[in-house]
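Working through the structure, step by step
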Amino acid sequence: MSGRDRALVFDFDGLIADTEVLWLAVLRELYRSFSQELPHTRYVESIGGTLHDFDPFEDLAARCGTIGAAELEQRGESLFGNWMAYEAPLPGVRRLVTDAKRRGLPLGVASSSRRTSVLPHLERFGLRDAFDVVVTMEDVTRTKPAPDLYLLAARQLGLDPSAVVAFEDSNRGVQAAKAAGAFCVAVPHILSRSHDFTAADRRLDSLSLFDLDDLSVLTPDEV
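Just so we're clear, the structure is a prediction, and the values are computed from it rather than from any experiment.

Helices and strands together make up the secondary structure of the protein, namely eight helices and six strands. Ordered by position in the sequence, the α and β elements of the protein form the string β-α-α-α-α-α-β-α-β-α-β-α-β-β. Its C-alpha radius of gyration of 18 Å places the protein within 12% of the 17 Å reference for a compact globule of 223 residues. Looking at the protein as a whole, 53% of its 223 residues are labelled buried. If you take every contact in the protein between residues at least 6 apart in sequence, the share linking residues at least 24 apart comes to 64%. Summing over all exposed atoms, the protein offers an accessible surface of approximately 10,200 Å²; the carbon and sulfur share of this is 48%. The centroid of the 24 positive side-chain charges in the protein is displaced by 2 Å from the centroid of its 34 negative side-chain charges.

In this section: the packing of helix 3 (residues 56-64) against helix 4 (residues 69-84). Between helix 3 and helix 4, the least distance of the axes is 8 Å, while the angle of their chain directions is 125°. Taken together, the axes of helix 3 and helix 4 are oblique relative to one another. Both helix 3 and helix 4 take part in a crossing whose hand is right-handed. Between helix 3 and helix 4, the residues in contact are Phe57, Glu58, Leu60 and Ala61 and Ala69, Leu72, Glu73 and Gly76, respectively. By residue class, the composition of the contact of helix 3 with helix 4 is five nonpolar, one polar and two charged.

This part covers the packing of helix 1 (residues 19-32) against helix 3. Remark: helix 1 packs on helix 3, axes separated minimally by 11 Å, with the N-to-C direction vectors making an angle of 10°. As judged from the angle between their axes, helix 1 and helix 3 are roughly parallel. Of helix 3, the residues touching helix 1 (which contributes Trp23, Leu27, Leu30 and Tyr31) are Pro56, Phe57, Asp59, Leu60 and Arg63.

Counting 52 residues, the largest nonpolar core has Leu8, Phe10, Ile16, Tyr43, Leu122, Phe131 and Phe167 as the members making the most contacts within it. By residue number, the principal contributor to this core is helix 1, which donates seven residues. One finds Ala110, Ala153, Leu157 and Ala177 within the second-largest nonpolar core, a separate group that totals 23 residues.

Bringing the sheet that holds strand 4 (residues 164-168) into the picture now. Spatial strand order, 3-2-1-4-5-6: six strands in an open sheet with parallel pairing. The sheet is open, and its two edges are formed by strand 3 (133-135) and strand 6 (202-203), each paired on a single side. Bridging between strand 2 (residues 107-110) and strand 3 involves three bridges; their strand directions are parallel. For Gly108, the partnering residue across the bridge sits in strand 3 and is Val133. Contacting strand 1 (7-10), strand 2, strand 3 and strand 4, helix 7 (residues 148-157) runs over the sheet at an angle of about 155° to strand 3.

Our focus in this paragraph is the pairing of strand 4. With five of its five residues buried, strand 4 lies for the most part within the structure. In strand 4, alternate side chains face the same way, and those of Val164, Ala166 and Glu168 on one face and Val165 and Phe167 on the other are all buried. Where strand 1 meets strand 4, four bridges bridge the pair, whose relative direction is parallel. The residue bridging Phe10 from the neighbouring strand is Phe167, located in strand 4. Pairing of strand 4 with strand 5 (residues 183-186) involves four bridges; the strand directions are parallel. Opposite Phe167, over in strand 5, you have Val185 as the bridge partner. Chirality of the crossover, the property in question, places the unit of strand 4, helix 8 (residues 171-180) and strand 5 among those that are right-handed.

This part takes up the pairing of strand 2. Both faces of strand 2 are covered, namely the face carrying Leu107 and Val109 and the face carrying Gly108 and Ala110. Both strand 1 and strand 2 contribute to a ladder of three bridges, which runs parallel. Among the inter-strand pairings, Val9 is bridged to a residue of strand 2, identified as Gly108. Between the parallel elements strand 2 and strand 3, the chain passes through helix 6 (residues 119-125) in a crossover that is right-handed.

Each value, and the rule that gives it
Residues numbered from 1 in each chain as written. Predicted model: local features only at pLDDT ≥ 70, side-chain atom pairs only at ≥ 80, totals over all residues. Heavy atoms only, no water. Helix = DSSP H or I, 4+ residues; strand = E, 2+ residues; numbered from the N terminus. Rg over C-alpha atoms; globule rule 2.2 N^0.38 Å. Buried < 20%, exposed > 50% of the residue type's maximum accessible area, 1.4 Å probe, protein only. Contact = heavy atoms within 4.5 Å. Areas by Shrake-Rupley, 256 points an atom, 1.4 Å probe, with all protein chains shown as cover. Lys, Arg positive; Asp, Glu negative; His and termini not counted. Charge placed at Lys NZ, Arg CZ, Asp CG, Glu CD. Axes fitted to C-alpha atoms, helices over the stretch in contact; angles between N-to-C directions. Parallel < 35°, antiparallel > 145°, perpendicular 65-115°, else oblique. Left-handed = near helix turned anticlockwise from the far one by under 90°. Nonpolar A, V, L, I, M, F, W, Y, C, P; charged D, E, K, R; others polar. Core = buried A, V, L, I, M, F, W, Y, C linked by side-chain atoms within 4.5 Å. Pairing = 2+ DSSP bridges. Right-handed = clockwise from strand over helix to strand, strands pointing away.

Here it is in structure tokens:
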């Protein structure tokens, strides 16, 4: 399989944008405004999942007893939106996307987040049109670590999942990519470095270290 027969599919949170670290700051601010402390370990362990894995708003509401989770989530989303307006894509994202488009490689996003938490930021980054498909939690029954998001992305791209090179920042994401049969490059960030990435095919400290020329030299066991 040559590099031209591949597609690149990216996670969004913590991979395209530094949202995980930003959300940590938002949640800490929100908890402290009610004289509470965010359970750091639980948050870190939930990275790559959904609110079903750990819902900080339900947790804080239960601690306070005076405000509902929905209102807390609204406050958190408002603060996150204000701060996110100053963010840019993580290092290596623009270069890799530009190089992939130049080579004619299909691109996709596979995210366990809501569509409204992905598309507006891709638009603001000027990257939305670069991606041929964007699949989010609304498009599947099961999110990561289940393979559904990657299987759907591959199907929409018209490719076998084995042709997908997935980029993930969490253990759940790596599990999802590998369960789908994709080649997976793990790119941990400061919060997810403690995750188990042994299932990943490659591990990099930054997306900026990935060279698309590597696609043509992967061994048969790696495709």
